[in-house]
Amino acid sequence: MEKKRPQLSLDELHQLKWLLGGGLTLLAVWTVIYMDIDAWELMGVVTVAAIACTLWPTLPARVPPFAHVLAFPLIVAFFAGDLWLTASPLPAMVRLDMLLLLYRSISYRQRRDDLQIIILGLFLIVVAGVLTVSLVFAAQLLVFTAWALAFLLAITLVGTAEGPGVESGKVKNIAPAWAVHADWRRLVRRMREVADWRVLTLGAALFAGVVAVSALLFLAIPRFQLENSLFLERLVTKKAKSGFNDSIKFGDVTDIQQDTSVALSIDVTDRTQLPVSPYWRMLVLDQYENGTFRLSPVLRRVAFGGERTDTIVHGDARPRLGASVVWTFYLESGLSRYLPLLGSFELLRFRETQNFRHGATVGVLALRDEPLTMTAYRVEGFELADARTDPTFSAESRRRERTIQTWLNVSADDHARLDRLVSEITGGAKLSAADFSRRAIAWLRQNHGYSLSPVVPRGAGDPLVRWTASREAGHCELFAGALVLLARDAGFSSRVAIGFRGGTWNGYSNSFTVRNSDAHAWTEVYDPAAGAWLREDALEVPKTAQETETKSEAAIAARSDRSWSARLDSLRIFWYRRIVNFDQRSQIETLREVKNVAQSSSRQLRDAVAETIAGVREWLARPWSLARGAKVAALIAFVAAAIWGTLRHRREIWRMLAKGGVERRDDPVRADASRWLARLRATNIPLEKAETIAVVGELQRLRFGARATWSEPGRTFLRARQALRAERSTRRRINRP
Amino acid sequence: MNARDLNAWSGPGLRGVRRRFTWNGLLWSLVWPQRSHRVLPTTAGLVLIGLAMGIGTAAYNSSSNILFITLSLLLTCLILSGVLSWLNLRGVAWRLRVTPPLRAGQEATVTLELRNGKKFLPTYGLWFELAARPIADARDQRPESTWTGRDLDVRKILAQTDAATQRGQLACRTRLDPGYESRLEWIFKPANRGALRVELASVGSLFPFGFLKKSIGTELRADVVVWPAPVEYRRHAVATARRPAGGEHVTRAGSGGDLLALRRYESGDSHRLIHWKASARTRTLLVRQFSAESAEGFSLWLRMDAEVWTKPEQFELLVSFCATLAEDLFRAGRLMSVALDDAPPLPVRRVGDLEAFLDQLAVVRPAKGNSSLASPSPRAIAKQNVMTFAPDGARGVAAYVDGKKAATA
């Protein structure tokens, strides 16, 4: 048997707890040293107060009682004033934290106050770590953890030694016995006597284990971002369900599968800026070969710059006066690595750093990889125009008469067929690019209908030329491709642009939603006179019809989607806006909103108070009569009685109100017990055997009895199962012939 | 009393039931709580879990490794808490001791013995939930309303049972050093006579950091009998027992003339009482024991006809009155025999006989439909100085000796 070691008395445990609490406070407030926050004076005050009160624990008893009454309102007022004056929330919160620590240092603490010290200290440590990311943080966090664990152990031991319901520290202005008799040298001696080197060694080993396991956990915690889906998604091959792709191939059958899932959601600060029919342009396809449109290597090399890694992209749009409209895009995963854009922009900002290539001259922004997660980006200063200036192409086209955009890579027969068609369109006249496009579109719409399942006529030669020469119906890609071939045959540079057109306004989330079914292809024809690419859409709503539409609120309301799917989409937008995309800017916006609400509410409150005072004055100024006086006296008496009754019976009222929450009917154990009772009842087990009676009794106790009187639920259910089986087997035996 | 249960040690440190150590088993026991083990987070634990979740969310939201480090440390602290709690309870065993006799209305002591069987680690901060509940007769546990009864009825029955259950909490406030034992005492007062089950409902601990409240359900219990409470009664002078001429010898040790038995010599015995012949024969010093000469002996005959004792409180008074008389008469050396209903009379010669009678009295109930009890049996009538009982008014009970009122309660 071990030699009996002495034990710390309750007073000594209290002293140890007080010492550890003071030390933890100092550890926490000293983080200000390497935080760039203006709280040095406060740190000095807290340090002095914490050291003094820790070493002389009778000092808190000298704090006057009214200080404890006023402490909380004063601290809150200080924080509010601090926040108001400095308008920087984090330093204000740090100072608030330090004030709370100061108050906890200069008053006797109960258990919950001790726990508060740990929470407040952890906040300071974490803030310091996040702000500074220094190596000191790691050391401080380790020391803090060890100290906090020792503190928690002391709190538990004191709680155990005191027993339930007994807690010191409730009376703030009388020094407890342990504080009066505090002698730190004696405590150190006693600690030495009490300590067992083996237990200390085990404690040290366990703490080393804590550090090791923490390191392992740190390494093992999966590093996926909240907006990302799980890693399993990487194992799934994604299929693009929309008709959108980064190349267009024309065959005999070019069906497009309709997919109404959300492809893109857009938040816009000024929704009146939304075009009537927005074109979300993603990519241009300039090379046509073997019935396929694709981005040519030449254009890829010339137009796109080198790959960059950044969060900001500067566009070629010129800055305009006034606050620019901000567009926030949420591009769904698996769609494309080319980002949808409305046109040239001033500034594009990603939520996190991205690898990308920007083709400013062609107006295309390409990420290195197709994102597997939702990609959010914010664009400022879109230039919303139907024509897109391209000075580079203009100079190039002047130097070289033929560019790849004018190259018609078809056979001589197809060429001749296209020549005939162009002659039919132009009537032999020399037209400008815009006029030719208008006539060609009219010709195409006259000869072809619209269908999502078109059929390209069989035969020799290029399939797109065959379709253009036929009268078959087609979809956007066929119309766009045909217009490109006709324009090139007429001598105009042209290319296919792909992306999305249109969308709906979600009335619940106040955002614009573009679906995969909105995928679209159109033509861009170069106008040498204007030095710009003209957007020509053979399937566009006629300009005359567009002009009747306005960009007003009424037009947006007409396009508004208030279906159930829109409700679900609004949840998704909420998640993106408030959780996933919650960055510093969102935080500032939220704070600004809070500030605005606070200001407006305080103004309303002031007005309401002034109005009430005026009303009371006016009421008092009215002539008084006996009846009026009696009514007022009765009202005052009633209010006084109500207040008196509430104060006198406040505990009973509280108990009555709190009682409702104690008994929970949806307790799973009670539900299970109820089920077992029902099963036994359904079997009609005779209540004769002692075991059955006991099981039923225990089940009823689990179902209806107080929780403290429960037997082990699992064992009781097992016994009920056994009783049921025994009864069934007995019945089978009896019924057997 | 269930001696086997009382003497048995229980708990994680119980020797002889340890399974072979395997790392797999150890890990599994740390991850998956054993049967009857409950772990609930305390307020501090909930705060810690909430804090960990908040920091975790912030870490994922901001991809800040500082927050990931903090999250790792918080989670590890939770693990450490579980490991230390397991170490604290490891090797600890406990058992219950109930010291008889237990008497209704009088304080009884239940002793809980603790043992720390660990090598060098002490144990801190254990508490023990104890309960003493009456063991209802199986007949009482079969109410007609078991299946058909409404919730309210069952709740009422359970509330009555709960009201009869006494609960207590014992806490080990000091450190229990390795290899040491400790005793905790729970003092309670049984309210009624009858069979009583004293059980250790659970053992709990908040050690080490107060995050988790761990409790272990135990099946340690002891069934004991609570004797009837003593009552005040009044004797009547008229009821002086008949003294037969010449005295009557009773089979109890005393100072009469008849040899009752031989026993071993004890220090202080008179040398004149030594039986030399028997001592020589057995080579052990034996002394003569004579029978007591009693002329005032009584026989108690308790009849419990349900038709006569219709009021439960009056029946309880009867049982307590009978028990009190039996003890008083035995103490005065005047109790000859006892009989319950139509059972044969049992002679009361030693303390054990009286205790057996009190044990019987502790659990008696009114007998239904026994018409033969309506009148005393001829054999009992023939016997003199027989004390019987009858209701005395609406609430009282009277004791009669040979038909004459001897005492009332």
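One structure accompanies this document, and this report is about it.

What counts, and at which threshold
Residues numbered from 1 in each chain as written. Chains lettered and ligands numbered in written order. Predicted model: local features only at pLDDT ≥ 70, side-chain atom pairs only at ≥ 80, totals over all residues. Axes fitted to C-alpha atoms, helices over the stretch in contact; angles between N-to-C directions. Helix = DSSP H or I, 4+ residues; strand = E, 2+ residues; numbered from the N terminus. Left-handed = near helix turned anticlockwise from the far one by under 90°. Contact = placed C-beta atoms within 7 Å. Nonpolar A, V, L, I, M, F, W, Y, C, P; charged D, E, K, R; others polar. Buried ≥ 20, exposed ≤ 12 C-beta atoms within 10 Å, placed from the backbone. Pairing = 2+ DSSP bridges. Parallel < 35°, antiparallel > 145°, perpendicular 65-115°, else oblique.

Here's the deal with the packing of helix H22 (residues 668-683) of chain A against helix H23 (residues 690-704) of chain A
Residues and elements named next belong to chain A.
Line of reasoning, step 1. In the contact formed by H22 and H23, the axes pass within 8 Å of each other and the chain directions differ by 140°. Crossing angle aside, the handedness with which H22 passes H23 is left-handed. Residue-level inspection shows Val-669, Arg-670, Ala-673, Ser-674, Trp-676, Leu-677 and Leu-680 of H22 in contact with H23, the latter providing Val-696, Leu-699, Gln-700, Leu-702 and Arg-703.
Line of reasoning, step 2. Of the residues assigned to the contact of H22 with H23, the class counts are 8 nonpolar, 2 polar and 2 charged.

A word on the interface of chain A and chain B
Line of reasoning, step 1. Facing the 51 residues of chain A at the interface are 49 residues of chain B.
Line of reasoning, step 2. When residues of the side of chain A that touches chain B are traced back to their parent elements, those giving at least two are helix H5 (111-132), helix H6 (135-162), helix H9 (197-220) and H23 of chain A.
Line of reasoning, step 3. The element contributing the most residues to the side of chain A that touches chain B is H6 of chain A, with 12 residues.
Line of reasoning, step 4. Among the residues making up the side of chain A that touches chain B, the classes are represented as 29 nonpolar, 14 polar and 8 charged.

A closer look at the environment of Arg-331 of chain B
All names here are of chain B.
Line of reasoning, step 1. Looking at the secondary structure, you find Arg-331 in helix H8 (residues 312-331).
Line of reasoning, step 2. Judged by C-beta crowding, with 10 C-beta atoms within 10 Å, Arg-331 ranks as exposed.
Line of reasoning, step 3. The spatial distance from the C-alpha of Arg-331 to the C-alpha of Val-351 is 9.6 Å, given a sequence separation of 20 residues.

A few points about the sheet that holds strand S7 (residues 181-188) of chain B
Residues and elements named next belong to chain B.
Line of reasoning, step 1. If you walk across this open sheet you meet the 3 strands as S2-S4-S7, and the pairing is antiparallel. Each edge of the open sheet carries a strand with a single partner, namely strand S2 (92-98) and S7. On average, each strand axis in the sheet is tilted by 20° relative to the strand beside it, whichever way the strands run.
Line of reasoning, step 2. By the bridge criterion, 7 bridges tie S2 to strand S4 (residues 108-116) in an arrangement that is antiparallel. Note on S4: the bridge partner recorded for Trp-94 is Leu-114.

Details of the packing of helix H1 (residues 10-29) of chain A against H5 of chain A
Residue and element names in this part refer to chain A.
Line of reasoning, step 1. Interaxial distance between H1 and H5 falls to 8 Å at its minimum, and their mutual angle equals 20°. The pairing of H1 with H5 is recorded here as roughly parallel in orientation. The handedness of the crossing between H1 and H5 comes out as left-handed. Residues Lys-17, Gly-21, Leu-24, Thr-25, Leu-27, Ala-28 and Val-29 of H1 pack against Asp-114, Ile-117, Ile-118, Leu-120, Gly-121, Leu-124 and Ile-125 of H5.
Line of reasoning, step 2. Residues belonging to the contact of H1 with H5 are distributed by class as follows: 9 nonpolar, 3 polar and 2 charged.

Regarding the sheet that holds strand S5 (residues 292-294) of chain A
Within a sheet, adjacent strands bond to each other through the backbone by hydrogen bonds, running parallel or antiparallel.
Residues and elements named next belong to chain A.
Line of reasoning, step 1. Sheet architecture is open: 3 strands sit in the order S1-S5-S4, paired in antiparallel fashion. Each edge of the sheet is formed by a strand with only one pairing partner; in this case those strands are strand S1 (248-249) and strand S4 (287-289).
Line of reasoning, step 2. Inspection of the sheet shows S4 paired to S5 by 3 bridges, in the antiparallel sense. Bridged to Glu-289 within S5 is Thr-292.

Note that every value here comes from positions in space, so none of it alone points to a role or purpose.
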